[in-house]
Amino acid sequence: MSAKDRILDGCDLEAFILCSSLEEGKYLGLKLMAELGFEDSDVVFCEMGGPGVRIRLRGYVYRPSADYRWYSQGVDLNEAESQGRGPAATSDAGSPGPCS
């Protein structure tokens, strides 16, 4: 199971994008989310300032009431980690990360 499969909702991204208009900034932001592999994304905030826009985007992995992939597969997350397939098994310096 990939890390993306474990996300229950979405991923937020904030950036400053060089562009000449608000519309171009929104277009480029949504294009960026598509290039990152998000098939479903929204512009949460976008404001023109100087040479571009400050934009916040949300790429949805699952919308509310979606059929979660991990749920339908009956995956036991604790078992996956104990078998060396989870984040604790791959953390740096041999110690669990901040989410453990």
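Within every chain, residues take consecutive numbers counted from 1 along the sequence as written. Only residues with pLDDT of at least 70 are given local features in this predicted model, and only at 80 or more are side-chain atom pairs given and counted; all residues enter the totals for whole chains, interfaces and linings. To get the side-chain values, all heavy atoms of the structure are used, and hydrogens and water are removed first.

A.B. asks: Looking at this structure, how should I read the overall build of the chain?
C.D. replies: When its secondary structure is counted, the chain shows three helices and three strands. Going through the 100 residues of the chain one by one, you find that 19% of them count as buried. Note on definitions: a residue-residue contact is assigned when non-hydrogen atoms from the two residues lie within 4.5 Å. Once local pairs closer than 6 in sequence are excluded, the contacts in the chain between residues at least 24 apart make up 58%. For accessible areas, the Shrake-Rupley method is used with a probe of radius 1.4 Å. Any residue's cover is judged against the shown protein chains and nothing else. Roughly 7000 Å² of accessible area belongs to the chain as shown, and the carbon and sulfur atoms make up 52% of that amount. Per the convention used, a helix needs a DSSP run of H or I reaching at least four residues, while a strand needs a run of E reaching at least two, with both numbered from the N terminus. For every residue, the accessible area obtained with a 1.4 Å probe (protein chains only) is divided by the maximum for its type, and the residue is called buried under 20%, exposed over 50%, and partly exposed between those limits.

A.B. asks: Please explain the sheet that holds strand S3 (residues 52-60) as it appears in this structure.
C.D. replies: Neighbouring strands of a sheet are bound in pairs by backbone hydrogen bonds; such pairs are parallel or else antiparallel. Reading across from one edge, S1-S3-S2 is the order of the three strands in this open sheet, with antiparallel pairing throughout. For this open sheet the edge positions go to strand S1 (10-18) and strand S2 (40-49), each flanked by a neighbour on one side alone. Within this sheet the neighbouring strands show an average axis-to-axis angle of 15 degrees, counted without direction. We call two strands paired when DSSP finds no fewer than two bridges between them. Where S2 and S3 come together, nine bridges link them in antiparallel fashion. Counted as the bridge partner of aspartate 42 is arginine 58 from S3. Here helix H1 (residues 22-35) sits on the sheet in contact with S1, S2 and S3, set at roughly 35 degrees to S3. In this description, a line fitted to the C-alpha atoms serves as the axis of each element, helices being fitted only across the stretch in contact, and the angle between N-to-C directions of two axes falls anywhere from 0 to 180 degrees.

A.B. asks: How should I be thinking about the pattern of salt bridges in this particular structure?
C.D. replies: Pairs may arise between side chains of opposite charge once their charged atoms sit close together. Salt bridge, as applied in this entry: a Lys or Arg side-chain nitrogen positioned within 4 Å of an Asp or Glu carboxyl oxygen. Overall, the coordinates contain five salt bridges when judged by the stated rule. Residue glutamate 14 pairs with arginine 56 through a salt bridge whose shortest N-O separation is 3.2 Å. With glutamate 14 in strand S1 and arginine 56 in strand S3, the pair connects residues that are 42 residues apart, well separated along the chain. By relative accessible area, glutamate 14 is classed as partly exposed at 45%. By relative accessible area, which is 36% here, arginine 56 ends up partly exposed. For aspartate 42, the salt bridge identified is with arginine 63, shortest N-O distance 3.3 Å. Residue aspartate 42 is found in strand S2, and its partner arginine 63 is found in the loop between S3 and helix H2 (69-72); the two are separated by 21 residues along the sequence. Judged by its relative accessible area of 33%, arginine 63 falls in the partly exposed class. If you follow the salt bridges from partner to partner, you end up with Glu14, Arg54 and Arg56 in one network.

A.B. asks: What am I meant to see in the state of the cysteines here?
C.D. replies: Here is the idea: a disulfide is a covalent bond, and it sits between the sulfur atoms of two cysteines. Working definition: a disulfide is two cysteine sulfur atoms within 2.5 Å of each other. Scanning the model with the defined rule gives zero disulfides in all. The thiol of cysteine 19 is not disulfide-bonded; the next cysteine sulfur, from cysteine 46, is found 6.9 Å away. Overall, cysteine 46 belongs to the buried group, its relative accessible area being 17%.

A.B. asks: Mind showing me how you'd approach H1 here?
C.D. replies: One full turn of an α-helix is made of 3.6 residues, so residues set three or four places apart face in the same direction. End to end, H1 covers 20 Å across 14 residues, agreeing with the expected 20 Å (1.5 Å per residue, within 8%). Looking only at H1, the buried set comprises Gly25, Gly29 and Met33. Across the axial projection of H1, the buried residues extend over an arc of 75 degrees, all falling on one side. Those residues of H1 that are exposed and aimed more than 90 degrees away from the buried face are Glu23, Tyr27 and Glu35. In the core, the buried residues of H1 are packed alongside S1, S2 and S3. Given a helix with a known number of residues, its expected span is that number minus one, times 1.5 Å. Each C-beta atom gives one direction from the helix axis, and the arc is the one those directions make.

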